[in-house]
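# Examination of the molecular architecture
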Amino acid sequence: MQFTGAELTVHILEQHGISIVAGIPGGAALPLYDAFARSKTIRHVLARHEQGAGFIAQGMARASGKPGVCLASSGPGATNLITAIADAKLDSIPLICITAQVSTAMIGTDAFQEVDTYGISIPVTKHNFLVRNIADLPHVMSEAFRIATSGRPGPVWVDIPKDVQLAKIELDAPYQPAAIAPEPEIPQTTVAAALEMLAQSTAPILYFGGGIITGEASELAVRFAEKADAPVVTTLMGLGTIPTDHPLYLGMLGMHGTRATNYVMEKADLLFVMGARFDDRAIGKASEFCPNAKVVHIDIDNAELGKIRRPELEIQGDVKTFLTSLNAQIAQASRQEWNTYVNHMKQEFPLQTPDIDDPLSHYGLIRACAQVASGEVHVVTDVGQHQMWVAQSYPLDTPRQLLTSGGLGTMGFGLPAAIGAALQKPDATILCFTGDGSIMMNIQELATAVEEKANLKVILMNNNALGLVHQQQELFYNKNLFASGYRHEVDFLKIAEGFGFHTVDLNTQADPVKALEDAIQTPGPAFIHARIDVNEKVYPMVAPGAANTDMIGG
């Protein structure tokens, strides 16, 4: 079994079940691409920008829970990947990022298209490797997959110099992937202590984060909530853990959570936090967040325990294992008084969705999309006002239904991530909600979507502005609207048509709902345009640095 380094890299990816990779070739990566051309099982998706390739890989990973793979050449190819990799790091997305490097003898000489990829990528990866010898390649690739998928998932970067790609090696035995690292054990005494704290609580809140979805534990979490008879809040990344119409679901907490959610949480005497990390957009001013509540916190990443809020009971472990133990031991509870209060607050402070019956309004367009989309639907967003409107109002009911950039908040995430989701879920409908600011960040990937015949519906909510910047300048900077509105209006429909998309402008349709339905139900890529008033706001809103109870609007 003799391989070049490039052939061995492709062989190892095949052994890990990788069937799609996204990337862009370049001089240093041509040996890799020569090897990929001969693969009978791996399909290469040619992105139009390396950042797009990284987000396409993320979309595949987010939709499936399995590692996505992206490729780039040396120098600018590698640096263009950085943002997508940093985004994956903050949202705990398993990625294998493979880049080419100049030959080992030229490293450190400022050779053509050379950058210190290893050094640059350290802060934005879970781990990274520079392969200096072909003999190290099998172990490095095996470790890359093990690290990316063990514990808290994340991106791993493998940088392979050109001479290592061209070198030859003979394997004495078939390649064997490394086993995933075992999870920390959770003592039964700890499970018992958590249940005792819950039993003693009269006003508990179950606080679900994205770690529950990552840990494939959503069904167990809902069962636990029902046994505990306790209200549930989610972070942005935790949306879909529990159906939004479940009677125990209180809502999303934080900067753009409902008033009911943020008010009720202040009355809690216990926060049962699972797979969440007390992000500042979720908890607001940390010193004033639920000051009277004790905290039980479980997370797979020990570094998150006590980082922002010191819990009374901290547990490092797998949330699925923990929930399995909890459900086996918890007795059915009844919290009628607490849930009556919670339901009263939900009725007293419902989410305000103005003009929701108008499909040409922000909330109305989102509701209309939800009503006409059928079958398996994945909702992808870019970052901005449209992201928060979707998070607040789209009826999400399954894990991995919402794919969004949470921790890094990356404009330009939506379109390529939606392409990745469409590649991973070819029989599903992918709705990509975006804004005119975000779509411009990676608009070139419209060509990739058409080339791949992705069943992708781009829904552009166009206010000719950077909406959330515009909103914050109006609210917090004395209406000094600077660099948040565009002086020239782009004809996005012509651009999308030029790339090969089927297009529809809802504002010119006699029956916009029917036009929307036809566009969403017709297979293939479609670009749906709707004008949104620049003065529409995302409410409620907690000012940066303020407490969650100090909400504006809504």
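One can find the structure itself at the top, above this paragraph.
A short tour of the structure in this document, coming up. The residue numbers shown here count from 1 along each chain, following its written sequence. The predicted nature of this model means local features are confined to residues of pLDDT at least 70 and side-chain atom pairs, given and counted, to a pLDDT of 80 or more, with totals for whole chains, interfaces and linings taken over all residues. In computing side-chain properties, one takes all heavy atoms of the structure into account and sets aside hydrogens as well as water.

### Topic: helix 5 (residues 82-90)
For each residue, the accessible area found with a 1.4 Å probe, counting protein chains only, is set against the maximum for its type, and the residue is called buried under 20%, exposed over 50%, and partly exposed in between. Counting from the N terminus, the helices are the DSSP runs of H or I reaching at least four residues and the strands are the DSSP runs of E reaching at least two. The set of residues buried in helix 5 consists of I82, A84, I85, A86, D87 and A88. Here, residues are in contact when the closest pair of their heavy atoms is within 4.5 Å. The inward-facing, buried residues of helix 5 contact helix 3 (50-64), strand 4 (68-72), helix 4 (76-79), strand 5 (95-101), helix 6 (117-121) and strand 7 (155-161). S92, located one to two residues past helix 5, shows a positive phi value of around 60°.

### Some words on the pairing of strand 5
Moving residue by residue along a regular strand, the side chains alternate between the two faces of the sheet. Among the seven residues of strand 5, seven are classified as buried, and the element is accordingly described as predominantly covered. What you see with strand 5 is no split at all: L95, C97, T99 and Q101 on one side and I96, I98 and A100 on the other are buried throughout. Pairing between two strands requires that DSSP report at least two bridges joining them. Relative to strand 5, strand 4 is paired through five bridges, and the arrangement is parallel. Within strand 5, the position partnered with A72 by the bridge is T99.

### As for the packing of helix 11 (residues 218-228) against helix 14 (residues 319-329)
As a rule, the C-alpha atoms of each element are fitted with a line to give its axis, helices using only the stretch in contact, and angles between N-to-C directions run from 0 to 180 degrees. In contact at an axis separation of 9 Å, helix 11 and helix 14 are set at 35° when each is read in the N-to-C sense. Between helix 11 and helix 14 lies a crossing of left-handed hand. Contact with helix 11, carried on its side by L220, A221, R223, F224 and K227, involves K320, L323, T324, L326 and N327 of helix 14 and no other residues of that element. In this classification, the charged set is Asp, Glu, Lys and Arg, the nonpolar set is Ala, Val, Leu, Ile, Met, Phe, Trp, Tyr, Cys and Pro, and all remaining amino acids, among them Gly, are polar. Grouping the amino acids of the contact of helix 11 with helix 14 by side-chain chemistry returns five nonpolar, two polar and three charged. Left-handed describes a crossing in which the near helix is turned anticlockwise from the far one by less than a right angle; the clockwise case is right-handed.

### Regarding the layout of surface pockets
If you add up the space inside the second largest pocket, you get close to 440 Å³. Whether a set of points on the 1 Å grid over the protein atoms alone is a cavity depends on a 1.4 Å probe fitting there but being unable to get out, while an open set qualifies as a pocket with protein on both sides within 12 Å along at least five of seven lines; lining residues are those with an atom within 4 Å of a point. Along its surface, the second largest pocket is lined by 22 residues, and T244, Y249, L250, G251 and Q392 are the ones closest to its centre. Contributing elements (two or more residues each) for the lining of the second largest pocket: strand 11 (249-252) and helix 17 (385-393). Per-element tally for the lining of the second largest pocket: the top contributor is strand 11, with four residues. Considering only residue class, the lining of the second largest pocket consists of 12 nonpolar, eight polar and two charged. Grid points are joined across faces, edges and corners, and a volume is the space filled by probe spheres set on the points.

### Brief notes about the sheet that holds strand 5
Within the open sheet, the six strands sit side by side as 3-2-4-5-7-6. Their pairing is parallel. Looking at the sheet topology across the chains shown, the edges are occupied by strand 3 (43-46) and strand 6 (127-130). Averaged over all adjacent pairs, the angle separating strand axes in this sheet is 20°, with direction ignored. As defined by bridge partners, strand 6 adjoins strand 7 across four bridges and the pair is classed as parallel. Bridge pairing in strand 7 places L130 opposite D159. Across the sheet, helix 5 touches strand 4, strand 5 and strand 7, and the angle it forms with strand 7 is around 145°.

### Some points on the side chain of T381
Residue placement: T381 occurs in strand 15 (residues 377-381). Polar contacts here mean pairs of N or O atoms no more than 3.5 Å apart (in protein, one a potential hydrogen donor and the other a potential acceptor; neighbouring residues in sequence count only if both atoms are side-chain atoms). Looking at T381, its side chain comes within polar contact range of the side chain of T404, at 2.6 Å. Apart from the residues within four sequence positions on either side, T381 is in contact with H386, Q387, V390, L402, L403, T404, F413, G414 and F433.

Nothing here speaks to function; it is geometry throughout.
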